[in-house]
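Listed here are the chains, written in short residue letters.
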Amino acid sequence: MNSISDNDYLPIPELRKLQLEKLQRLVAYEYERVALFRRRCDEKGVKPRDIASLDDIAKLPFMVKTDLRDEYPLGLTAAPMEEIVRFHCSSGTTGKPICIPNTKGDVEVWAEATARCLAMYGLGKGDVLQVAYGYGLFTGGLGLHYGGEKLGCAVLPTSAGNTEKQLMLMRDLGTTALACTPSYFLHIMEVAKKLGIDFRRDTKLRHGIFGAEPWTDEMRAKIERDSGIVAHDIYGLTEISGPGVAADCGRTNGLHIWEDHYYPEIVDPETLQPLPDGEKGELVFTTLDRFGTPMIRYRTRDLTRLHPEQCPCGRTARVMDRIKARSDDMLIVHGVNLFPSQIETALLGVPEVEPHYQIVLTPTETLDLLEVKVEIRSESFSDNIRELESLKKRVLAAVKTITGLSPKITLVSPGSLPRSEGKIKRVIDNRKK
Ligand code: ADP
Ligand code: ZN
């Protein structure tokens, strides 16, 4: 059995009992140490002793990203500084970043969670895990690194970038698993092709461990088809630890959440009322085993649902749908809701274009202009205007079928749009000030 934790198969009643004990411990700890949490509980008239069942979690206040910004740098830190061993930060693009101090125990639990994901994919001792997520404040690099070492893989910490060297080391050291963002892997595949490297023939690469950004099922199919590897999905966020919160077992199209550590809820994003398993809404987490910066009912903004049925693999941890969208990413164009992943799905249905695209929104005097720029495949590149016009029409039809919108389609030459080494930025919204 590819499992390193007995908790993977814990019978559900025992799992719920364990979760409740941990929740009660956490709420008492947080109430005693974090002023913001205590104040909000007092305002709601709820005390730690009121948590008598898991459903009582709904009595507790939510936490959101702006709380972390407002309390920057250490207002939500519950442990004394002597117990902190590592800081991570995220989203420094606009305004203040958020800062998450981790205790030794936090780092260990996170490494175990990530190692469980890798074991579930079938990795173990003897595997060479190349970590091409960025190392640093971002959790991707160090998260996979510690998880890989914990499992006993030989970790190759290349970090992101320097793609030709990545490929050289991959071949020379016999990398069997590569962890990076799916968009960076698209770029790695492109560079490999240019250098005449065929993954199937010239490397031992079998597993891709992709996450940190949404990627569609169509993108996954393309990656697997073009490279011959299995593309695994890994999910996580800095606030809750980092990558390794959830991962796919290959038996169902979704991700097991390690809910003995990270307790999930789905709430209606408008009313904030809890929704039953099976219904789609916003994913909320409570970190049952984190003590540096615990999160209680943290609203992720990620939209998904929890599967009501148990996974055929036998693991009892609940499965969530793959994350296709984050409520923050939703664009409203001409009154229609648009998720970038819908454009990705549409483009991957047109074989003459590559999934390298950009969505540009520009304000005009009348309606906002929505433009989709997409690269033509080099094999399909042509000077023939009529052929290009016909291709444009097909791209437009594909986008319209899925989104109901008719954007301006701009075909651009192969390799002309920016590539990413980390999380890619596919939307340029010039409507925002
Ligand atoms: P930032 O908030 O700065 O982007 P994080 O690395 O903490 O930094 O980002 C976490 C977010 O990334 C998640 O909330 C989710 O939206 C997205 N994400 C992470 N992993 C996945 C995945 N496997 N699939 C889809 N989205 C993901
Ligand atoms: Zn499963």
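Reading guide: rules and limits
- Residues numbered from 1 in each chain as written.
- Chains lettered and ligands numbered in written order.
- Predicted model: local features only at pLDDT ≥ 70, side-chain atom pairs only at ≥ 80, totals over all residues.
- Heavy atoms only, no water.
- Buried < 20%, exposed > 50% of the residue type's maximum accessible area, 1.4 Å probe, protein only.
- Helix = DSSP H or I, 4+ residues; strand = E, 2+ residues; numbered from the N terminus.
- Pairing = 2+ DSSP bridges.
- Expected span 1.5 Å × (residues − 1).
- Donors = N, O, S within 2.8 Å, 3.2 Å for Na, K, Ca; no water.
- Tetrahedral: all angles 85-135°; square planar, octahedral: opposite > 155°, others 65-115°.
- Near = heavy atom within 4 Å.
- Polar contact = N/O pair within 3.5 Å; in protein donor to acceptor, adjacent residues only side chain to side chain.
- Areas by Shrake-Rupley, 256 points an atom, 1.4 Å probe, with all protein chains shown as cover.
- Salt bridge = Lys/Arg side-chain N within 4 Å of Asp/Glu carboxyl O.
- Domains from an automatic or database assignment.
- Contact = heavy atoms within 4.5 Å.
- Buried area = accessible area lost by both parts, 1.4 Å probe.
- Axes fitted to C-alpha atoms, helices over the stretch in contact; angles between N-to-C directions.
- Parallel < 35°, antiparallel > 145°, perpendicular 65-115°, else oblique.
- Core = buried A, V, L, I, M, F, W, Y, C linked by side-chain atoms within 4.5 Å.

Brief notes about the pairing of strand β12 (residues 298–304)
Piece 1. Within β12, six of the seven residues are buried, leaving the element largely enclosed by the surrounding structure.
Piece 2. Bridge count between strand β11 (residues 281–287) and β12: four bridges; the pairing is antiparallel. Looking at the pairing, Glu-282 lines up with Leu-303 of β12.
Piece 3. Where β12 lies against strand β14 (residues 325–326), two bridges are found, and the strand directions are antiparallel. What sits directly across from Leu-303, in β14, is Ala-325.

Points about helix α7 (residues 182–194)
Piece 1. In this model α7 runs 19 Å from its N-terminal to its C-terminal C-alpha over 13 residues, within 8% of the 18 Å that 1.5 Å per residue would give.
Piece 2. Across the 13 residues of α7, 10 count as buried, placing the element largely inside the fold.
Piece 3. Remark: Gly-196 follows α7 within two positions and exhibits a positive phi of approximately 75 degrees.

Re the coordination of the zinc ion (ligand 2)
Piece 1. All of the protein donors around the zinc ion (ligand 2) are Cys-249 (SG), His-256 (NE2), Cys-311 (SG) and Cys-313 (SG); their distances to the metal are 2.1 to 2.3 Å.
Piece 2. Angles of 101 to 120 degrees at the metal separate the four donor atoms of the zinc ion (ligand 2), which places the site in the tetrahedral class.
Piece 3. Written as a sequence motif, the donor arrangement for the zinc ion (ligand 2) is C-x6-H-x54-C-x1-C. Here the residue His-256 occupies a position in strand β9 (residues 255–257), and Cys-313 occupies one in the loop between β12 and β13 (319–320), the gap between them amounting to 57 residues.
Piece 4. When its relative accessible area of 0% is taken as the criterion, His-256 is described as buried.

Topic: the site of ligand 1
Piece 1. Surveying the vicinity of ligand 1 reveals 19 residues, the closest of which are Ser-91, Asp-233, Ile-234, Thr-238 and Asp-302.
Piece 2. In this structure, a nitrogen atom belonging to ligand 1 sits 3.5 Å away from a main-chain N or O atom of Pro-214.
Piece 3. Between ligand 1 and the protein, one listed contact pairs an oxygen atom with a side-chain N or O atom of Thr-238 at 2.7 Å.
Piece 4. For ligand 1, whose unbound accessible area comes to 570 Å², protein coverage reaches 93%.
Piece 5. Per-element tally for the shell around ligand 1: the top contributor is strand β7 (residues 230–236), with four residues.

Section: the environment of Pro-48
Piece 1. You can see Pro-48 is positioned in the loop between α2 (35–44) and α3 (65–70).
Piece 2. Considered as a pair, Pro-48 and Ala-28 are 20 residues apart in the sequence and their alpha carbons are 5.3 Å apart.

Comments concerning the pattern of salt bridges
Piece 1. By the definition in use, this model includes 36 salt bridges.
Piece 2. The partner of Arg-419 in a salt bridge is Glu-190, with the nearest N and O atoms 2.6 Å apart. Of this pair, Arg-419 sits in the loop between β19 (408–412) and β20 (427–429) while Glu-190 sits in helix α7, and the two are 229 residues apart along the sequence.
Piece 3. Its relative accessible area of 23% is what places Arg-419 among the partly exposed residues.
Piece 4. Among the charged side chains, a network of salt bridges with common partners joins Lys-193, Lys-222, Asp-226, Glu-354, Arg-377 and Glu-379.

Side note on the sheet that holds strand β8 (residues 243–247)
To summarise the sheet geometry, strands pair through backbone hydrogen bonds and adopt either a parallel or an antiparallel arrangement.
Piece 1. Overall, mixed pairing links the eight strands, which are arranged β4-β3-β5-β6-β7-β8-β9-β13 in an open sheet. The open sheet has two free edges, formed respectively by β4 (154–156) and β13, since each of these has just one partner strand.
Piece 2. Where β9 meets β13, two bridges bridge the pair, whose relative direction is antiparallel. Following the sheet pairing, His-256 is matched in β13 by Val-319.

Comments concerning unusual backbone geometry
Piece 1. With omega at 0 degrees, the peptide bond leading from Tyr-72 into Pro-73 counts as cis.
Piece 2. Mapped onto the secondary structure, Pro-73 falls in the loop between α3 and β1 (84–90).
Piece 3. In the Ramachandran plot, Ser-159 falls in the positive-phi region, its phi being about 60 degrees despite a non-glycine side chain.
Piece 4. Checked against the element boundaries, Ser-159 lands in the loop between β4 and α6 (163–173).

Overview of the domain arrangement of the protein chain
Piece 1. Each assigned domain of the protein chain is listed with its residue range as follows: domain 1 (1–326) and domain 2 (331–432).
Piece 2. Contacts between the two partners involve 23 residues from domain 1, matched on the other side by 17 residues from domain 2.
Piece 3. Summed over both sides, the interface between domain 1 and domain 2 buries roughly 1600 Å², with carbon and sulfur atoms accounting for 56% of that surface.
Piece 4. In this assembly, domain 1 and domain 2 are joined by three salt bridges.
Piece 5. Linking domain 1 with domain 2 are 11 residue pairs in polar contact (both at pLDDT 80 or more).
Piece 6. Ranked by residue count, the leading element in the side of domain 1 that touches domain 2 is α7, at six residues.

What about the sheet that holds β14?
Piece 1. Strand order across the open sheet formed by four strands is β10-β11-β12-β14, with antiparallel pairing between neighbours. The open sheet has two free edges, formed respectively by β10 (262–267) and β14, since each of these has just one partner strand.

Topic: the packing of helix α1 (residues 12–33) against α2
Piece 1. Where α1 contacts α2, the two axes come as close as 6 Å, and the packing angle between them is 105 degrees. Accordingly, the angle class assigned to the pair α1 and α2 is roughly perpendicular. Residues Val-27, Glu-30, Tyr-31, Glu-32 and Arg-33 of α1 form the contact with α2, whose own contacting residues are Ala-35, Phe-37, Arg-38, Cys-41 and Asp-42.

Focus: the nonpolar core
Side chains of a nonpolar character, in soluble globular proteins, are inclined to be buried together.
Piece 1. Within the largest apolar cluster, 69 residues are counted, with the highest numbers of intra-cluster contacts made by Phe-37, Leu-60, Ile-209, Tyr-235, Tyr-262, Phe-285 and Met-320.
Piece 2. A per-element tally of this core places helix α4 (residues 104–121) first, with nine residues.
Piece 3. Every residue in contact with Leu-60, bar those within four places of it in the chain, is listed here: Val-27, Phe-37, Cys-41, Lys-44, Val-46, Ile-51, Ile-296 and Arg-297.

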